[in-house]
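# Residue-level structural notes
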Amino acid sequence: MKLLSIMRRDKWAAVCFTFLSAVIAAGIFAPWFAPHPPEEVHMELRFAGASWTYWLGNDHLGRCVLSRLIYGIRPSVLWVLAALSASVAIGAFAGFAAGYFRGKTDVLLMRLCDVMLSFPGYVMTLAVIGIMGPGLEHILIAFVLMKWAWFARIIRTSVLQYSNSDYVRFSKMLGLPGVSIMIRHLLPVTLPDILVVSSSSFGSMILQISGFSFLGLGIQAPNAEWGMMLNEARSVMFSKPELMLAPGIAIVLVVSAVNFLSDSFQRMLDPRLMSSRPIRLKQGFSISTRLKEREVA
Amino acid sequence: MFSIDKVSMSYRSGVFFSGKRHSVLSDISFQWTPGECLGIIGESGSGKSTLGKLLLGIQKPDSGTILWNGKAVTDHKNRRGSISAVFQDYTSSINPFYTVEKALLEPLLHIGASGKPPYPVLDSLLEQVGLDSSCRGKYPHELSGGEAQRVCIARALSTKPQCILFDEAISSLDGSVQMQILELLKELSSTEKMGFIFITHDIGAAAYLCSRLIIMQDGTIREIVHTDQLKSVETSYAKKLLNSVIL
Ligand SMILES: Nc1ncnc2c1ncn2[C@@H]1O[C@H](COP(=O)(O)OP(=O)(O)OP(=O)(O)O)[C@@H](O)[C@H]1O
Ligand SMILES: [Mg+2]
């Protein structure tokens, strides 16, 4: 319900939301959307340009670029989203526990986070791959293991800031159980912070997955993945630059859409940032635009 | 009826697990009878807010007992709806994502009101604290400090408690608004037969509203004095405190 009213108010958010839903749907139902099997090799069609049968042309093995792009949504977007949600969920759980209960819980959890964060992320990922062998799922496991600590720290800071406030004290006085105070009073106010950190790390996770695929540690050829498509196109970067365009633009579009969407959610969920709306309704356009400018500045 | 008996409280200080504690309250004992307006005064850091948290049952004392109508105050079932509070910082006293209406409903829902929101009740509450019912749909950031504090008072009144604890509830407001709120409280105490515990460092306000004052210093009660006998305080600290106001 709330989502719908947000979409009605913010056209840009609606565009981003529709785009992302379409991408996710295309990824889930890739076999129906993709015009050709992604691994079908046609050596006679190497580097062929766009045509009616192959909309985005063919790559160095004559495979359909569009189909590979659509199949690539699964590792590049869906699995990254899943890993991101898992680590945000774990991080939020730890962050809320540490920030709300404080005391011993806080100290123990934060020292654990310090330990996790003291390893450089790439080295840890490599170690996990070294132990478990290459493969997308192992990289994702390593991501979840490494990133939750980072999320936990940020979410804890945000929770801490509000858990001392007087309205939380009032609810404690009423005798509300801790869980419902966290859900009703702390989750909504910390949600903007959570959205910002998770959307900004979404982009970096996509790029890191691509990096590992390039090293041959991530997804294995001939499976399609956007980062790997970029790397395959890299060898012909100067003679066939258009091959880099498709996966490159796809990554840029998805990452920007996620960031825009999280921005507008943040704006729309927080009543303090919505304050320009009622004035716009009452007193015309000029005041609301002026208010918006102040918000931006 | 509050009975506070030999309550002590200390916080851990320094590095965690070091076990060092510094005492914030020691050996506090007093009684509060229904309908009374009791002031607790003392300078900053004397442990007034800590005492307030103990009285509200948010924290447990290290030793001693606090009984509300003969039962432990730390069990929220014993104090449900009968104790309420207004805090100092009006900017954070209401959830920034809640409208006034939602904030007022929170205590009502908690004591078991269900079904349709009781709008007439909310309007009469707002009217009681001198606010227009059009405030109901506003968010806290759209209210002035005085208005926000009045909403907090309305929220405290909503469950018709026997006792409301005010922790520096008017200190951050300006003079004329302070006076208006003091008038309001005085009126409420006579019409609604409510009792107050009024924590402040402003002796003037406390003397205006309260019938009995507890003077605190460094976590101990220095003196308990009736307001009409303020001139005859005995301890030197209380004398110093009073002189500093009168001069
Ligand atoms: N959560 C806490 N952890 C550790 N020490 C605390 C905590 N809360 C309060 N204290 C300490 O307890 C002492 C008393 O604090 P308290 O807030 O009760 O003072 P106060 O009388 O309300 O002061 P003010 O008039 O400034 O509000 C202070 O020395 C403070 O440092
Ligand atoms: Mg205080």
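Small disclaimer: the values here were computed from a predicted structure and weren't measured.

On to helix α3 (residues 100-110) of chain B. Most of α3(B) is tucked away: nine of the eleven residues are buried. Every buried residue of α3(B) is accounted for by Val100(B), Glu101(B), Ala103(B), Leu104(B), Leu105(B), Glu106(B), Pro107(B), Leu108(B) and His110(B). Of the surrounding elements, those touching the buried residues of α3(B) are α8 (166-174) and α9 (178-214) of chain A together with α4 (119-128) and α5 (145-157) of chain B. Positioned one or two residues after α3(B), Gly112(B) has a phi angle of 105°, which is positive.

When the UniProt feature table is mapped onto this chain numbering, "domain: ABC transmembrane type-1" (unreviewed entry) sits at residues 73-262 of chain A. Across residues 73-262 of chain A one finds 84% helix and 0% strand; the C-alpha atoms that close the span lie 20 Å apart.

All names here are of chain B. Of all the six residues making up strand β9 (residues 212-217), six are buried; the element is thus mostly covered by neighbouring parts of the structure. Residues of β9 alternate between two faces, with Arg212, Ile214 and Met216 on one and Leu213, Ile215 and Gln217 on the opposite face, all of them buried. As paired elements, strand β3 (residues 37-42) and β9 share five bridges and run parallel to each other. Opposite Gly42, over in β9, you have Met216 as the bridge partner. Both β9 and strand β10 (residues 220-226) contribute to a ladder of six bridges, which runs antiparallel.

Before going further, it helps to spend a moment on the environment of Thr220(B). Residue and element names in this part refer to chain B. Mapped onto the elements of the fold, Thr220 is located in strand β10. Note: C-alpha distance between Thr220 and Ser8 (212 residues apart in sequence) is 9.3 Å. Non-local contacts of Thr220, meaning those with residues more than four positions away in its chain, are made with Ser26, Ile28 and Ile215. Among the polar contacts listed, one links the side chain of Thr220 to the side chain of Arg222, at a separation of 3.4 Å.

Right, let's get into the site of ligand 1. Residue and element names in this part refer to chain B. Neighbouring ligand 1 are the residues Tyr11, Val24, Glu43, Ser44, Gly45, Ser46, Gly47, Lys48, Ser49, Thr50 and Glu168. Here an oxygen atom of ligand 1 and a side-chain polar atom of Glu168 are 3.1 Å apart. Contact with the protein chains hides 62% of the accessible area of ligand 1, taken as 640 Å² for the molecule alone. Per element, the largest residue contribution to the shell around ligand 1 is three residues, and it comes from helix α1 (residues 48-55).

If you look at soluble globular proteins, the nonpolar side chains tend to sit buried side by side. Grouped together as the largest cluster of nonpolar side chains are 92 residues, with contacts concentrated most on Trp226(A), Phe2(B), Phe30(B) and Leu55(B). When sequence neighbours within four positions are dropped, the list of residues in contact with Phe30(B) reads Phe2(B), Ser3(B), Ile4(B), Leu38(B), Ile40(B), Leu51(B), Leu55(B), Ile214(B), Ile221(B) and Ile224(B). Leu126(B), Phe196(B), Ala205(B) and Val225(B) belong to the second-largest nonpolar core, a separate cluster that totals 51 residues.

Thresholds applied
- Residues numbered from 1 in each chain as written.
- Chains lettered and ligands numbered in written order.
- Predicted model: local features only at pLDDT ≥ 70, side-chain atom pairs only at ≥ 80, totals over all residues.
- Heavy atoms only, no water.
- Buried < 20%, exposed > 50% of the residue type's maximum accessible area, 1.4 Å probe, protein only.
- Helix = DSSP H or I, 4+ residues; strand = E, 2+ residues; numbered from the N terminus.
- Contact = heavy atoms within 4.5 Å.
- UniProt positions renumbered as here; feature names shortened; annotations may be inferred.
- Pairing = 2+ DSSP bridges.
- Polar contact = N/O pair within 3.5 Å; in protein donor to acceptor, adjacent residues only side chain to side chain.
- Near = heavy atom within 4 Å.
- Areas by Shrake-Rupley, 256 points an atom, 1.4 Å probe, with all protein chains shown as cover.
- Core = buried A, V, L, I, M, F, W, Y, C linked by side-chain atoms within 4.5 Å.

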